Amino acid sequence: MKQFKKIESTAIPLPIENIDTDQIIPARFLKATDKKGFGKNLFRDWRFHKDGSVNREFVLNDSAYSGEILIAGTNFGCGSSREHAAWSIGDYGIKVVISSFFADIFKGNALNNGILPVQVSEEYLQILFKAIKENPQTKIQVDLENQKVTLKETEQTETFEINPYKKLCLINGYDDIDYLLSIKDKIETFEENRV
């Protein structure tokens, strides 16, 4: 995984509640086991009409909005436990998802795939949505080391929680195996001193 410490980006607003993993990546696209290529089908049934034509009204098809941050309504990632949902978000180029609530399994899958799920209050979420609607070029800064989200226009900030182990892994670009390798000397010392 790539190291993640701080990101400042414009954002894509998706103020829809209860977005489940089948909406994020429909089941019919789960045939591959390689993480690459899933981004093209992110929100497939919302991005395209049934005849395959582009849905110009969907936010990912609106050139006014772009960036590495997705801001979504509450209860993001509910439904099935498919890891492909995180794969599709990451492959599309999104590094942070901000919401007021995440499904636990999605949150774990996101963290394991280098995507930071940032849970904020519902009030702060609405402030972000309003700012982006008024100015799509609004920048948001996500500072993982200090666990803060900042709306750069107004410097309105909110802190967020994250599992300390997952924070360490993201900051260092570790997956679980990389972490174990980083403490290999300590493990070997422990094993040598075991009775």
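Provided above is the structure to which this section pertains.
Rules used throughout
Residues numbered from 1 in each chain as written. Predicted model: local features only at pLDDT ≥ 70, side-chain atom pairs only at ≥ 80, totals over all residues. Heavy atoms only, no water. Buried < 20%, exposed > 50% of the residue type's maximum accessible area, 1.4 Å probe, protein only. Helix = DSSP H or I, 4+ residues; strand = E, 2+ residues; numbered from the N terminus. Pairing = 2+ DSSP bridges. 1 Å grid on protein atoms, 1.4 Å probe; cavity = no way out; pocket = protein on both sides within 12 Å on 5 of 7 lines; lining within 4 Å. Points joined across faces, edges and corners; volume = space filled by probe spheres on them. Nonpolar A, V, L, I, M, F, W, Y, C, P; charged D, E, K, R; others polar. Axes fitted to C-alpha atoms, helices over the stretch in contact; angles between N-to-C directions. Contact = heavy atoms within 4.5 Å. Phe/Tyr/Trp six-rings, centres within 6.5 Å; stacked < 30°, edge-to-face > 60°.

Some thoughts on the pairing of strand S6 (residues 140–143)
Burial along S6 is two-sided: the face carrying Ile140 and Val142 and the face carrying Gln141 and Asp143 are both buried. Two elements, strand S1 (residues 6–9) and S6, share four bridges in a ladder whose sense is antiparallel. Bridged to Ser9 within S6 is Ile140.

Examining the layout of surface pockets
In this structure, the largest pocket spans a volume of roughly 540 Å³. In terms of lining residues, the largest pocket is bounded by 22 residues, among which Lys2, Gly90, Asn113, Gly114 and Ile115 are the most central. Within the residue set of the lining of the largest pocket, elements represented by two or more residues are S1 and helix H3 (84–92). The residue inventory of the lining of the largest pocket, partitioned by class, reads seven nonpolar, six polar and nine charged.

Brief notes about the sheet that holds S6
What holds strands together in a sheet is hydrogen bonding between their backbones, with the strands either parallel or antiparallel. Reading across the sheet, the four strands line up as S1-S6-S7-S8 and stay open at both edges, with antiparallel pairing between neighbours. Of all strands in the sheet, those bounded by a partner on one side alone are S1 and strand S8 (156–159). Here the strands of the sheet are splayed against their neighbours by 15 degrees on average, with no regard to which way each runs. By the bridge criterion, four bridges tie strand S7 (residues 148–151) to S8 in an arrangement that is antiparallel. In the strand pairing of S8, Thr150 is matched with Thr157. Sitting on the sheet, helix H5 (residues 122–134) is in contact with S6, S7 and S8, with an inclination near 35 degrees to S7.

Section: the environment of Ile89
Positionally, Ile89 belongs in helix H3. The class for Ile89 is buried, based on a relative accessible area of 0%. Considered as a pair, Ile89 and Lys40 are 49 residues apart in the sequence and their alpha carbons are 9.6 Å apart. Sequence-distant contacts of Ile89, defined by excluding residues within four places in its chain, comprise Ile24, Leu42, Phe76, Ile94, Val97, Phe106 and Ile115.

A short note on the packing of aromatic side chains
Scanning the model with the defined rule gives eight aromatic pairs in all. For the ring pair Phe38 and Trp87, a centre distance of 5.5 Å and an interplane angle of 65 degrees mean the geometry is edge-to-face. A residue pair is termed long-range when its members are at least 10 positions apart, and Phe38 in the loop between helix H1 (21–24) and helix H2 (44–47) and Trp87 in helix H3 qualify at 49 residues. Residue class for Phe38 comes out buried when judged on its relative accessible area of 4%.

From the geometry alone we can't say anything about function, so treat these as descriptive.
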